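Inside the fold
So the chains spell out like this:
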Amino acid sequence: GDDWTVDVEDVRQPVGGLIVHRGEVVEGQPRPGDRCTAQVDGERRLDITRNHTATHLLHAVLRQVLGSHVQQRGSLVAPDRLRFDFSHDQPITPDELDTIEHEINEAILANMPVVAVWKDLASARAEGAMALFGEKYGDVVRMVQIGDGHFSRELCGGTHVRSTAEIGVFKILSESSSAANVRRIEAVTGPEAVRLLRERDALLREAAAELRATPEQVPAKIAELRKRVKGAAKRGGAD
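The following paragraphs examine the structure supplied in this document.

The rules behind each value
Residues numbered from 1 in each chain as written. Predicted model: local features only at pLDDT ≥ 70, side-chain atom pairs only at ≥ 80, totals over all residues. Heavy atoms only, no water. Helix = DSSP H or I, 4+ residues; strand = E, 2+ residues; numbered from the N terminus. Rg over C-alpha atoms; globule rule 2.2 N^0.38 Å. Buried < 20%, exposed > 50% of the residue type's maximum accessible area, 1.4 Å probe, protein only. Pairing = 2+ DSSP bridges. Contact = heavy atoms within 4.5 Å. Axes fitted to C-alpha atoms, helices over the stretch in contact; angles between N-to-C directions. Expected span 1.5 Å × (residues − 1). Arc of directions from axis to C-beta.

Overview of the overall build of the protein
- Across its full length, the protein holds five helices and nine strands.
- In terms of overall dimensions, the protein is more spread out than a globule: its C-alpha atoms have a radius of gyration of 24 Å, far above the 18 Å expected for 239 residues.
- Each of the three principal axes of the protein carries a C-alpha extent, and together these read 85 × 55 × 35 Å.
- Taking all 239 residues of the protein together, the buried fraction comes to 31%.

Given below as structure tokens:
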């Protein structure tokens, strides 16, 4: 009768060495001094790790495609999506977005190992590890390395997949401005990306059925239909 359960909603570190869990009591009544066992939601954690490692891939590929001026300016890693803000002074073109998405999925298919190592800050910086702007680091840091390190090295304390293949697939949802000279990319990975691709595939099949065409013929059929509507409008105006 002393069993109780708390759903943890947030974890913070108000001072060094002290980790505070905040949550909602959903069963029983916890009391000061009670011993408890913390249990991670494995499926939710895996979705978060996919999106977190994907932000590292995205950061690296953005620097390859847009230039070394790209620096992280903020991010959100949730179970169902990721958001990445970065320094860049103009919108990303559709061709650039296609290249970015392609290169990230190539890195996923390459099944590169993702390894976290602890080392002194000077050594990590000498190896080219990326650090967050304005973040304070101790003398010993955790460096997350993708592949042999040439693809990506970042100072990071978060959870990550063991290899890039665990991400599954990466799909960009949008690209926009979040502040002056700061752009934002939102994307999905893993099961959420598969769900989105299946949903869009179903919509394409539905559109093809309405046009009495194959999915590959849809753009041509739409162009033909627009041409016919435009011609009918011109004839109506002439009458």
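There's plenty left to go through after this.
Looking at unusual backbone geometry
- Notably, Asn181 is not glycine yet its phi reads approximately 60°, a positive angle.
- Relative to the helices and strands, Asn181 is located in the loop between β8 (170-179) and β9 (182-189).
- Residues other than glycine seldom take positive phi values, yet Arg212 does so here, at roughly 55°.

With respect to the pairing of strand β7 (residues 152-155)
- Burial along β7 is two-sided: the face carrying Ser152 and Glu154 and the face carrying Arg153 and Leu155 are both buried.
- Here strand β6 (residues 140-146) pairs with β7 via four bridges, running antiparallel. Following the sheet pairing, Ile146 is matched in β7 by Ser152.
- Connecting β6 to the next strand, β7, in antiparallel fashion are five residues, including Gly147 with a positive phi near 70°.

Considering the environment of Thr159
- Positionally, Thr159 belongs in the loop between β7 and β8.
- With relative accessibility at 28%, the residue Thr159 sits in the partly exposed group.
- The contact partners of Thr159, leaving out residues within four places of it in the chain, are Arg45, Ile48, Thr49 and His52.

Concerning the sheet that holds β9
- Spatial ordering of the open sheet is given by β3-β4-β9-β8, a layout of four strands whose pairing is antiparallel. The strands lining the two open edges of the sheet, one partner per strand, are β3 (72-77) and β8. Ignoring which end each strand starts from, the neighbouring axes of this sheet average 15° apart.
- Two elements, β3 and strand β4 (residues 82-87), share five bridges in a ladder whose sense is antiparallel.

A few points about the sheet that holds strand β5 (residues 114-120)
- The three strands lie next to each other as β5-β6-β7, forming an open sheet whose pairing is antiparallel. Two strands close off the open sheet at either side, each with one partner strand: β5 and β7. Strand after strand, the sheet turns through a mean of 25° between neighbouring axes, direction not considered.
- Summarising the sheet, β5 and β6 pair through seven bridges and their orientation is antiparallel. Bridged to Lys119 within β6 is Val141.

As for helix α4 (residues 190-211)
- Under the 1.5 Å per step criterion, the end-to-end length of α4 is 32 Å for 22 residues, consistent within 8% with the ideal 32 Å.
- The set of residues buried in α4 consists of Gly190, Ala193, Leu196 and Ala208. Down the axis of α4, the buried side of the element spans an arc of 120°, and every buried residue falls inside it. For α4, the exposed residues lying more than 90 degrees away from the buried face are Arg198, Leu203, Glu206, Ala209 and Glu210.
- Following α4 by one or two positions, Arg212 has its phi on the positive side, about 55°.

Purely spatial values, then, with no claim about function.
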